[in-house]
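# Commentary on secondary and tertiary structure
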Amino acid sequence: MKWITREGVKVDRVACPWLIRNFIDAGAEFVFLPHNTEWAGIQEGIVYDVPGAELGHHGEDVSFDSILKKYRLADPALKLLAEIVRAADSQPSHPHPAGEGLRCIAHGFSALGLTDHAILEREFIVYDALYRECQRQIQLAARQP
C-alpha cells in the first residue's frame, strides 16, 4: 500500500511510517509530496499527517495517535510512545518529558540534509530503541505494588 504525506519529515512523519511498517503494513511504500499538494484529490493510497486527513492531527492528538486509534493498536508501550511523539510534535497540555529530546533528535536529522527516505532509514532505529524503552517502563510499572 502507498502511504502519502508531506515532504520534509520530522517527528510525526517519521514516527508514523515506523508505526505503519512495524505494526500495520510491513511492505508499506512511503510517498512524500510538496506541502501545496491538493490532498483531497489523491485517490490512490492512504494520506496521513496532512491538513484535514482522517489520519492527522485532531485536538491534542497527532497523526501517530490517529493511526493507533484507527487500527486499534492497544499496546501500552505504543500508547506511551504516542505520549512522547505528541509532546515532541505539538503542544499538549501535559507533555511527556522525553518529548523535547525526541524533537531535538528529529531536528538534528533534518539538518543533515538527507532525503526523507534516508531520514526514515536512519531514524527508525531511534524509534526501535524508544519503543523498547517504553516496553521496559510499562513492565516496570506493572511490577510496582
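Bear in mind the structure is a predicted one, so any value in this text is a computation, not a measurement.

## Digging into the sheet that holds strand β1 (residues 2-6)
Taken together, three strands build an open sheet; the order of strands is β2-β1-β3 and the sheet is parallel. This sheet does not close on itself; its edge strands, each paired only once, are β2 (29-33) and β3 (46-47). Where β1 and β2 come together, five bridges link them in parallel fashion. Its bridge partner being in β2, I4 is matched across the sheet by V31.

## As for the nonpolar core
Within the largest apolar cluster, 38 residues are counted, with the highest numbers of intra-cluster contacts made by W18, F64, L81, V85 and Y127. Every element with two or more residues in this core is listed here: α1 (12-23), β2, α2 (63-70), α3 (76-89), α4 (99-111) and α5 (116-143). In terms of residue count, the dominant contributor to this core is α3 (eight residues). The residues touching F64, leaving out its near neighbours within four places in the chain, are D12, A15, C16, W18, L19, L78, L81, A82 and V85.

## Notes on the pairing of β2
In regular strands, side chains alternate between the two faces of the sheet. Residues F30 and F32 point to one face of β2 and are all buried, whereas E29, V31 and L33, pointing to the other face, are not buried. Handedness of the β-α-β unit built from β1, α1 and β2 comes out right-handed.

## A look at the packing of aromatic side chains
For the structure shown, the criterion picks out six aromatic pairs. On the numbers, 6.4 Å between centres and 65° between planes, the contact of W3 with Y48 is edge-to-face. Residue W3 is found in strand β1, and its partner Y48 is found in the loop between β3 and α2; the two are separated by 45 residues along the sequence. Among the residues examined, W3 registers a relative accessible area of 1% and is labelled buried. On the basis of relative accessibility, which here comes to 0%, the residue Y48 falls in the buried class. By way of ring pairs, the aromatic residues W18, F23, Y127 and Y131 are connected into one cluster.

## A short note on unusual backbone geometry
With a phi close to 50°, D49 is a non-glycine residue in the positive phi region. Here D49 lies in the loop between β3 and α2. Look at D49 and you get buried, because its relative accessible area is 4%. Even without being a glycine, R72 presents a positive backbone phi close to 50°.

## Points about α4
Since there are 3.6 residues in each turn of an α-helix, residues three or four apart along the chain are aligned in direction. If you check α4, its first and last C-alpha atoms are 18 Å apart, about what 13 residues at 1.5 Å a residue would give, namely 18 Å. Where α4 is concerned, the buried positions are G99, L102, A106 and F109. Take α4 and look down its axis: the buried residues cluster within an arc of 85°, on one side only. Those residues of α4 that are exposed and aimed more than 90 degrees away from the buried face are C104 and A111. Elements in contact with the buried residues of α4: α3 and α5. Of the residues flanking the end of α4, it is G113, one or two places downstream, whose phi is positive at about 75°.

So, how was this worked out
Throughout this document, residue positions are counted from 1 along each chain, in the order its sequence is written. Totals for whole chains, interfaces and linings use all residues, but because this is a predicted model, local features are given only for residues with pLDDT of at least 70 and pairs of side-chain atoms are given and counted only at 80 or more. Each side-chain value is derived from all of the structure's non-hydrogen atoms; neither hydrogens nor water enter the calculation. By this definition, two strands are paired if DSSP reports at least two bridges between them. Secondary structure elements follow DSSP: runs of H or I no shorter than four residues count as helices, runs of E no shorter than two count as strands, and numbering proceeds from the N terminus. Put simply, a nonpolar core is a bunch of buried Ala, Val, Leu, Ile, Met, Phe, Trp, Tyr and Cys residues held in one set by side-chain atoms that sit within 4.5 Å of each other. For the exposure calls, accessible area comes from a 1.4 Å probe over protein chains only, and a residue counts as buried if that area is under 20% of its type's maximum, exposed if over 50%, partly exposed in between. Note on definitions: a residue-residue contact is assigned when non-hydrogen atoms from the two residues lie within 4.5 Å. The handedness rule is simple: strands pointing away from the viewer, and a clockwise path from the first strand over the helix to the second, make the crossover right-handed. Stacked, tilted and edge-to-face are the three classes applied to pairs of Phe, Tyr and Trp rings, where Trp contributes its six-membered ring and a pair requires centres within 6.5 Å; stacked means planes under 30 degrees apart, edge-to-face means over 60, and tilted covers the rest. How far a helix is expected to stretch is found by multiplying one less than its residue total by 1.5 Å. This arc is built from the directions going out from the helix axis to the C-beta atoms.

Fair warning: the whole summary comes from geometry, so function is off the table for now.
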